[in-house]
Amino acid sequence: MSERNKGILYIILAALCFSLMSLFVRLSGDIPAIQKSFFRNLVALAFAAIILRKEKIPFRAGKGNTIYLLLRAGFGTLGIFCNFYAIDHLALSDANMLNKLSPFFAIIFSYFLLKERAAFYQIMCVIVAFIGTLFILRPGFDSLVTFPAFIGLLGGLGAGIAYTMVRILSGRGVKGPFIVFFFSTFSCLAALPYCIFHYTPMKPWQLGCLLLAGLAASGGQFSITAAYSHAPAKEISVYDYTQIIFSSLWGILFLGEFPDWISITGYLIIFAASLSMFLIRRKNERVS
């Protein structure tokens, strides 16, 4: 399997995991978003530490990597806080659509920070996929001027920058598990003061939902880190939109949220963009 196809496989797996994370976050009920993010990252921290020990990966950043790790962790934490807030205050599909603007931002920042130039067809496919998300978000257009929707959009921006930092760190030889460990530790420490002074008591089933959210997020985080380690954002980011499909499925099965024909049109547009990008790239590989 080529590096690009590995990246595609990992990013679709990450989309599945993150969609499950969103579902469990919603099902956990009326708990502050920062408290939810703390338990989510605590599970990811535990998994990352176990993998680091098992694979004997050093617990150090390496020369010149600390700044990129801090940027990845800082913007990633911002993305999580904002995304969880949006999940709590918007429809699940709306919150996920706003967060799925992150690949769009990732390509922009990859151009400025990594000098990764995208081919014309890749740019067009990402734009088409972005338009598809707007079709699905259409029922929530009235809320785009509201504070929760703005926070959700900010979360997508933070995630996009964070993924660009992952690409930089991978290129500098930093192992994926250490990136996850550093980010999870940073996020837990950032949320800890709030949890200490504003802790909301939880019922056992709520704690269970948050632990499951953390488990799903761990799978998603390791997968997304692996994805951007194998291929640049311009090649695979469009496939991250498959989270839309997974989230919509969970909404139908567990939340009673049924997409209308306009949302279905958005799904088809996104699938068309993903398929076009894959077929054109494969054709170009054969020619070269």
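The coordinates are above.
Basis of the calculations
- Residues numbered from 1 in each chain as written.
- Predicted model: local features only at pLDDT ≥ 70, side-chain atom pairs only at ≥ 80, totals over all residues.
- Heavy atoms only, no water.
- Helix = DSSP H or I, 4+ residues; strand = E, 2+ residues; numbered from the N terminus.
- Buried < 20%, exposed > 50% of the residue type's maximum accessible area, 1.4 Å probe, protein only.
- Contact = heavy atoms within 4.5 Å.
- Lys, Arg positive; Asp, Glu negative; His and termini not counted.
- Charge placed at Lys NZ, Arg CZ, Asp CG, Glu CD.
- Phe/Tyr/Trp six-rings, centres within 6.5 Å; stacked < 30°, edge-to-face > 60°.
- Core = buried A, V, L, I, M, F, W, Y, C linked by side-chain atoms within 4.5 Å.
- Salt bridge = Lys/Arg side-chain N within 4 Å of Asp/Glu carboxyl O.
- Disulfide = S-S within 2.5 Å.
- Patch = residues over 30% accessible without salt bridge, like charges linked within 9 Å, V, L, I, M, F, W, Y side chains within 5 Å.
- Areas by Shrake-Rupley, 256 points an atom, 1.4 Å probe, with all protein chains shown as cover.
- Axes fitted to C-alpha atoms, helices over the stretch in contact; angles between N-to-C directions.
- Parallel < 35°, antiparallel > 145°, perpendicular 65-115°, else oblique.
- Left-handed = near helix turned anticlockwise from the far one by under 90°.
- Nonpolar A, V, L, I, M, F, W, Y, C, P; charged D, E, K, R; others polar.

### Notes on the overall build of the protein
Stage number 1. Secondary structure assignment for the protein yields 12 helices and zero strands.
Stage number 2. The order of helices and strands in the protein, counted from the N terminus, is α-α-α-α-α-α-α-α-α-α-α-α.
Stage number 3. Principal-axis analysis of the C-alpha atoms places the extent of the protein at approximately 60 × 50 × 30 Å.
Stage number 4. Looking at the 288 residues of the protein, the share that counts as buried comes to 51%.
Stage number 5. For the protein, the proportion of contacts with a sequence separation of at least 24, taken over those separated by at least 6, is 91%.
Stage number 6. Side chains of the protein give 24 positive and 12 negative charges; the mean places of these two sets differ by 12 Å.

### So, the packing of aromatic side chains
Stage number 1. Applying the stated rule across the entire model yields five aromatic pairs.
Stage number 2. Between Phe178 and Phe181 the ring centres are 6.5 Å apart and the planes differ by 35°, which places this aromatic pair in the tilted class. Placement of both Phe178 and Phe181 in helix 8 (residues 176-197) is noted, with a separation of three residues, approximately one turn of the helix. For the pair shown, Phe178 and Phe181 are each scored as buried.
Stage number 3. Between Trp250 and Phe254, the aromatic rings sit 6.4 Å apart at their centres with planes inclined by 50°, giving tilted as the arrangement. With Trp250 and Phe254 both in helix 11 (residues 242-255) and four residues apart, the pair spans about one turn of that helix.
Stage number 4. What makes Trp250 buried here is its relative accessible area of 13%.

### Some remarks on the nonpolar core
Stage number 1. With 63 residues, the main nonpolar core has Ile11, Met21, Phe84, Ile224, Tyr228, Ile236 and Val238 as its most contacted residues.
Stage number 2. Among the elements that make up this core, the one with the highest residue count is helix 8 (eight residues).
Stage number 3. Excluding its chain neighbours within four sequence positions, the residues that come into contact with Met21 are Arg40, Asn83, Phe84, Ala213, Ala216 and Ala217.

### As for the side chain of Asn41
Stage number 1. Note that Asn41 resides in helix 2 (residues 33-54).
Stage number 2. Its relative accessible area of 0% is what places Asn41 among the buried residues.
Stage number 3. Every residue in contact with Asn41, bar those within four places of it in the chain, is listed here: Ile80, Phe183, Ser184, Ser187 and Cys188.

### With respect to the pattern of salt bridges
Oppositely charged side chains can form a pair if their charged atoms are brought close together.
Stage number 1. For the structure shown, the criterion picks out two salt bridges.
Stage number 2. A salt bridge links Glu3 to Lys6; the shortest N-O distance between them is 3.6 Å. Of this pair, Glu3 and Lys6 are both found in helix 1 (residues 3-27), three residues apart, which corresponds to roughly one turn of the helix.
Stage number 3. On the accessibility criterion, Glu3 (39% relative accessible area) is partly exposed.
Stage number 4. Residue classification places Lys6 among the partly exposed positions, given a relative accessible area of 28%.
Stage number 5. The partner of Asp88 in a salt bridge is Lys36, with the nearest N and O atoms 2.7 Å apart. You can see Asp88 sitting in helix 3 (residues 66-89) and its partner Lys36 sitting in helix 2, a full 52 residues away along the chain.
Stage number 6. Here Lys36 falls in the buried class, since its relative accessible area comes to 0%.

### Regarding the state of the cysteines
Stage number 1. For the coordinates displayed, the defined rule picks out zero disulfides.
Stage number 2. With no disulfide partner, Cys17 has as its closest neighbouring cysteine sulfur the one in Cys209, 17 Å distant.
Stage number 3. Look at Cys17 and you get buried, because its relative accessible area is 14%.
Stage number 4. Counting only cysteine sulfurs, Cys195 is the nearest neighbor of Cys188, a cysteine outside any disulfide, at a range of 8.7 Å.
Stage number 5. Take Cys188: its relative accessible area is 6%, and that puts it in the buried class.

### Focus on a nonpolar patch on the surface
Stage number 1. There is a patch of nonpolar side chains on the surface, built from Phe120, Ile123, Met124, Ile127, Ile131 and Phe135 and spanning about 520 Å² of accessible area.
Stage number 2. Relative to the assigned elements, Ile123 resides in helix 6 (residues 120-137).
Stage number 3. By relative accessible area, Ile123 is classed as partly exposed at 38%.

### Re the packing of helix 3 against helix 7 (residues 147-171)
Stage number 1. Where helix 3 meets helix 7, the closest approach of the two axes is 7 Å, and the angle between their N-to-C directions is 150°. In terms of orientation, helix 3 and helix 7 fall into the roughly antiparallel class. As for how helix 3 packs across helix 7, the hand of that crossing is left-handed.
Stage number 2. A class-by-class count of the residues in the contact of helix 3 with helix 7 yields 19 nonpolar, six polar and one charged.

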